[in-house]
Amino acid sequence: MVQPSDVEELPLRERAYLHIKRLILNEELPPNSFLSERSLAQQLGMSKTPVRLAIARLENEGFVRVSPQQGIVVLALSFEEVLEHIDFRLALESFVVKRLAGNLSRSQARVLQEHIQEQQALAQHPQTQTEQLVLADMAFHRRLATTLGNRQIVQALERQQDMLYRVAHRVYQKHPSRREQSIAEHQRLLQFLVEGEQAEALGLIEQHISRIKSLLISAAGG
């Protein structure tokens, strides 16, 4: 998942790719909407060539579909894809939590606490955007994996970052109260890990991730 940053030095095709992808991830370009190379190029202040290259890359990654009949369409996530993602996360993060319980050093616990404090500060600021809250939430979960130090798990979770962002962004948008609830659960999880309460930590991470299913079902029905 790309974070907002200064991309002025990047090639035009990369700038176009990052810009359009961010619009899709934030659903500013909603699922099933149609895109225009011309309007995107005008918005970005560049020719259609780098936009066309960016669209081709996004199509290869499964974000859009390009066809002579329909043009460029933003692809919606299927519910099956989301459920598979949630199950995948649950399997990996449960393993991470099981191994970390009772094995955190003081410095590792301090870093995780700093992540939680950053989330709390963002949640309390009235100007904070949903994007910032989601990225801070993701950073906490990513830090758990990197703290364990298993590179295969870290890489597997990194490959899921775009999916995680899209799912979390949708939940945060539809259920604003989930923001504070998620932070509180992160705090409780860290406490369980520090105290070595493995069973409690495993139960909480399962609840934390599985709750997304019911929230998404609720959002779909709303």
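Placed above this text is the structure.
Structure report, in brief. On a predicted model such as this, the values are computed, not experimentally measured, just so you know. Counting restarts for each chain, with residues numbered from 1 along the sequence as it is written. Local features in a predicted model are, by the rule used here, given only for residues with pLDDT of at least 70; side-chain atom pairs are given and counted only at 80 or more, and totals for whole chains, interfaces and linings are based on all residues. The basis for every side-chain value is the complete set of heavy atoms in the structure, and neither hydrogens nor water enter the calculation.

## Looking at the overall build of the protein chain
Secondary structure is summarised from DSSP: a helix means a run of H or I of at least four residues, a strand means a run of E of at least two, and numbering begins at the N terminus for each. Per the secondary structure count, the protein chain includes 10 helices and three strands. For 222 residues, the compact-globule formula gives about 17 Å, and the C-alpha radius of gyration of the protein chain, at 19 Å, lands near that figure. Overall, the protein chain is about 55 × 40 × 40 Å in size when its C-alpha atoms are taken along their principal axes. Looking at the protein chain as a whole, 45% of its 222 residues are labelled buried. Taking the average location of the 26 positive side-chain charges in the protein chain and that of its 26 negative ones, the two points are 2 Å from each other. Radius of gyration means the value over C-alpha atoms here, while the globule rule gives 2.2 Å times the residue count to the 0.38 power. Think of it in three bands: residues with accessible area under 20% of the maximum for their type are buried, residues over 50% are exposed, and the middle band is partly exposed, with areas taken using a 1.4 Å probe on protein chains only. The convention is simple: Lys and Arg are positive, Asp and Glu are negative, and His and the chain ends are not counted. Here the site of a charge means NZ on Lys, CZ on Arg, CG on Asp, or CD on Glu.

## Description of the packing of helix α6 (residues 130–148) against helix α8 (residues 161–174)
Note on method: axes are straight lines fitted to C-alpha atoms, helices fitted across the in-contact stretch only, with angles between N-to-C directions ranging 0 to 180 degrees. Viewed as axis vectors pointing N to C, α6 and α8 meet at an angle of 130°, and their least axial separation amounts to 9 Å. Here α6 is positioned oblique relative to α8, judged by the angle of their axes. Crossing hand, α6 versus α8: right-handed. Residues Thr130, Glu131, Leu133, Val134, Leu135, Asp137, Met138 and Arg142 of α6 pack against Gln161, Leu164, Tyr165, Ala168, His169, Tyr172 and Gln173 of α8. Any residue outside Ala, Val, Leu, Ile, Met, Phe, Trp, Tyr, Cys, Pro, Asp, Glu, Lys and Arg is labelled polar, Gly included; the first ten of those are nonpolar and the last four are charged. The residue inventory of the contact of α6 with α8, partitioned by class, reads eight nonpolar, four polar and three charged. The labels follow the angle: roughly parallel below 35 degrees, roughly antiparallel above 145, roughly perpendicular from 65 to 115, and oblique for the rest. Throughout, a crossing is termed right-handed when the near helix is turned clockwise from the far one, and left-handed when it is turned anticlockwise from it by less than a right angle. Throughout, a contact is declared for two residues whenever any of their heavy atoms are within 4.5 Å.

## Notes on helix α3 (residues 48–60)
Here, expected helix span is obtained from the residue count minus one, scaled by 1.5 Å. Taking 1.5 Å per residue as the helical rise, α3 with its 13 residues ought to reach 18 Å, and the 18 Å between its terminal C-alpha atoms agrees with that figure. Of the positions making up α3, those classed as buried are Pro50, Val51, Ala54, Ile55 and Leu58. Down the axis of α3, the smallest arc covering the buried residues is 140°, so these residues share one side. The secondary structure elements touched by the buried residues of α3 are α1 (12–25), β1 (34–35), α2 (37–44), β2 (64–67) and β3 (71–74). Positive backbone phi, approximately 85°, marks Gly62, located one or two places after α3. Each C-beta atom gives one direction from the helix axis, and the arc is the one those directions make.

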